[in-house]
Amino acid sequence: MVVRAGREFLAIPGPTTIPDEVLGAMHRPAVDIYAGPLVQLTDGLLRDLKRVFKTEGRTYIYISNGHGAWEAALTNVLSRGDKVLVLESGRFAVGWGNAAAGLGAKVEVLKGDWRRAVRPADLEARLRQDKAGEIKAVLAVQIDTASGVVNDIAAIGRAIRAAGHGALLLVDVVASLGCMPFEMDAWGVDVAVSGSQKGLMTPPGLGLVAAGPRAKAASARADLRTPYWDWTSRDGDEHYQKYAGTAPEHLLFGLRQALDMLFAETLDGAFLRHRLLAEAVRRAVDAWSKGQAVGFNIQEPGERSDTVTTILMNGGHNPEALRTYCHTKCGVVLGRGIGELGGKAFRIAHMGHVNAPMILGTLGVVEMGLKALRIPYGAGGVQAAAEYLGEAVEA
C-alpha cells in the first residue's frame, strides 16, 4: 500500500525543487548567441550576482557544477607547488583540497571533525606558525551539506587578518548562497564559488565564481590557468568569450527568473524564511531524539545550518530503510548520509524553493516512517515544528 501520487518531492540538498516559474522561463526557443538580447542577459546576470555575493569584484558564469567552480577558483589564483590549507568540517572542503592536489598544489588539512564547525582560533594559530608565508590560500565551506555544519566565515576572515598572514581566503558557498547572509567583501573573502542548483533554484549546470582584487592580482601570477577556466579572456568585451564558447542559454533564462524571484522576496526575506524553516526542522528532530534512536549530527546548536539538517541514527537502525520507506510509500526523497556518515545518517534539506507546507509535509512523512519501521522516537515532532512556526510567524 502506498500513499503517494504525482511527482516526487526532493528533500535532498541538491538538486533542489525547481519552481514552475523557472521551468517556464526555460521553455522557449534558443536565440542568437551573438545578438543583443543574450548579451544584455549576461550583463544583467553578472551584475546581479554581485548583489547576491555582496561584492564589488568580478563575477563569472561557467558551464559546470560546483566542482567546476572549485577548479576555476584554484587554477586562477595558484601556481604549481603552492600550498593550500584546508579547513575540515565535513566532506566538501577536503574534497576541494583533493582537487587542488590533483592540479599540482601542496595540500595541508587543518584537522577538524564532522560534528563541529571550524575553530577560527586553530586557524589563526596555524597561520602564525607559517613564518615563511608558504600557505598561499585557505579553503573553507560556509555550509557542509554532508555534516550539516555552518562555519563562521566572518570569524575565519578575522583569524587570517589577526595572524597578519597574506593567504587568500577561498570559500565554497554552494549550499548557502541565497539562503543565508554571505558578505564577501565585508568578511575579507577573496574568491567565492557556488552553483545554480541549490539556493538559486535553477537546474544543475552553472558554476558561479566571484573574485576580489587580491584574487585578481594573484591571477596575473598563477601558472595553473587553463584556457577554459581563465578569467583573462572572460574579462574582455567579447560576449562569446564570457562562456569560452556557446552560452548555456536556457540555464541562463532559468537563472534570470530565479534571481528575479529572489529579489522580489528580498534577500533578507529569503534568509528569514530559511531560518524559520530550519528551526522548525530542528524542533522536530529534538522531539524525535527523546527516543534515543535519532539525533543531530552537529553537536552545538549554533553550528547547525539553515539549509540542511543531518540526522544520525543509533542503536543499529538503518537510515536507508527509512529513506526507502519515505520514497516508495510517500514520494519524499530524503538525503542519504555521505562520506563518513554513509549508512549512519539521513539528511533533510530545507533550501531553495521551499516553504512551510513542504517542510511540515516532509516531517510528517519522516515521523510516519519512524512509526512504521518501529524505530524508537519521541512523539510530537511535527507538532513541535508547527507550534514553533505558529508562534514565529505572526497573524
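A short tour of the structure in this document, coming up. Computed from a predicted structure; not experimentally measured.

**Topic: the overall build of the chain**
- For the chain, the count of helices and strands is 13 helices and 14 strands.
- With respect to the three principal axes, the spread of C-alpha positions in the chain is 60 × 55 × 40 Å.
- Taken across its 395 residues, the chain has 57% of its residues classed as buried.
- Sequence-distant contacts in the chain: of pairs separated by 6 or more residues, those separated by 24 or more amount to 73%.
- When the accessible area of the chain is evaluated, it comes to approximately 15,800 Å², of which 53% is carbon and sulfur surface.

**Remarks on the packing of helix H2 (residues 36-53) against helix H9 (residues 249-265)**
- Packing of H2 against H9 brings their axes to within 10 Å, and their N-to-C directions diverge by 45°. With respect to H9, the element H2 is oriented oblique. Both H2 and H9 take part in a crossing whose hand is left-handed. Here Leu38, Leu41, Thr42, Gly44, Leu45, Asp48, Leu49, Arg51 and Val52 of H2 lie close against H9, whose contacting residues are Glu249, Leu252, Phe253, Leu255, Arg256, Leu259 and Phe263.

**Observations regarding the pairing of strand E10 (residues 206-211)**
- Across the six residues that make up E10, a large majority, six, are buried.
- Taken together, the six bridges between strand E2 (residues 58-63) and E10 define a ladder with antiparallel strand orientation. Bridge assignment links Ile61 to a residue of E10, and that residue is Leu208.
- With five bridges joining them, strand E9 (residues 191-195) and E10 adopt antiparallel strand pairing.

**Details of unusual backbone geometry**
- With an omega of -5°, the peptide bond between Gly14 and Pro15 qualifies as cis.
- Along the chain, Pro15 turns up in the loop between strand E1 (9-11) and helix H1 (20-26).
- With a phi angle near 60°, Met201 is a residue other than glycine that sits in the positive phi range.
- Examined against the element boundaries, Met201 turns out to sit in the loop between E9 and E10.
- Exposure remark for Met201: the relative accessible area of 6% places this residue in the buried category.

**Examining the layout of surface pockets**
- The volume enclosed by the largest pocket comes to roughly 280 Å³.
- Along the wall of the largest pocket there are 19 residues; nearest its centre are Phe92, Thr145, Val174, Gln197 and Lys198.
- Taken together, the elements giving at least two residues each to the lining of the largest pocket come down to helix H3 (66-77) and strand E13 (332-336).
- Looking at the lining of the largest pocket, its residues break down into eight nonpolar, six polar and five charged.

**Notes on the packing of helix H10 (residues 267-288) against helix H12 (residues 356-372)**
- Viewed as axis vectors pointing N to C, H10 and H12 meet at an angle of 15°, and their least axial separation amounts to 10 Å. On the basis of their axis angle, the class for H10 and H12 is roughly parallel. The crossing of H10 and H12 is right-handed. Contact residues: Leu277, Ala280, Val281, Ala284 and Trp288 in H10; Ala356, Ile359, Leu363, Val366, Glu367 and Leu370 in H12.
- Grouping the amino acids of the contact of H10 with H12 by side-chain chemistry returns 10 nonpolar, no polar and one charged.

**Remarks on empty space enclosed by the protein**
- Within the structure shown, the criterion is met by three cavities of 30 Å³ or more.
- Considered as a void within the structure, the largest cavity measures approximately 70 Å³ in volume.
- What lines the largest cavity is Phe9, Leu10, Ala11, Ile12, Thr16, Thr17, Ala349, His350, Met351, His353, Val354 and Met358.
- With three residues, the single largest contributor to the lining of the largest cavity is E1.
- Its residues assigned to classes, the lining of the largest cavity comprises eight nonpolar, four polar and no charged.
- Looking at the second largest cavity, its volume works out to about 50 Å³.

Calculation rules
- Sequence order as written defines residue numbering, which begins from 1 separately in each chain.
- Reporting of local features is limited, given that this is a predicted model, to residues whose pLDDT is at least 70; pairs of side-chain atoms are given and counted only at 80 or more, and all residues count toward the totals for whole chains, interfaces and linings.
- Working from all heavy atoms in the structure, the side-chain values ignore hydrogens and water.
- Numbering goes from the N terminus for both helices and strands, where a helix is a DSSP run of H or I of at least four residues and a strand is a run of E of at least two.
- Burial classification: accessible surface area is computed with a 1.4 Å probe over protein chains only, and a residue below 20% of its type maximum counts as buried, one above 50% as exposed, and the rest as partly exposed.
- It only takes one pair of heavy atoms within 4.5 Å for two residues to be counted as in contact.
- For the area figures, the Shrake-Rupley method with a 1.4 Å probe applies, and any residue is considered shielded solely by the protein chains shown.
- An axis is simply a line fitted to the C-alpha atoms; with a helix, the fit covers only the stretch in contact. Between two such axes, the angle follows the N-to-C directions and lies from 0 to 180 degrees.
- Should an angle lie under 35 degrees it is considered roughly parallel, over 145 roughly antiparallel, and from 65 to 115 roughly perpendicular; all remaining angles are considered oblique.
- Crossing handedness is read from the near helix: turned anticlockwise from the far helix by less than a right angle, it gives a left-handed crossing, and turned clockwise, a right-handed one.
- Any two strands are treated as partners once DSSP identifies two or more bridges connecting them.
- The distinction between a cavity and a pocket rests on a 1 Å grid over the protein atoms alone: a 1.4 Å probe fits inside a cavity but cannot get out, while a pocket stays open yet meets protein on both sides within 12 Å along at least five of seven lines, and a residue with an atom within 4 Å of a point counts as lining.
- Grid points are joined across faces, edges and corners, and a volume is the space filled by probe spheres set on the points.
- Gly is placed with the polar residues, together with every amino acid not listed as nonpolar (Ala, Val, Leu, Ile, Met, Phe, Trp, Tyr, Cys and Pro) or charged (Asp, Glu, Lys and Arg).

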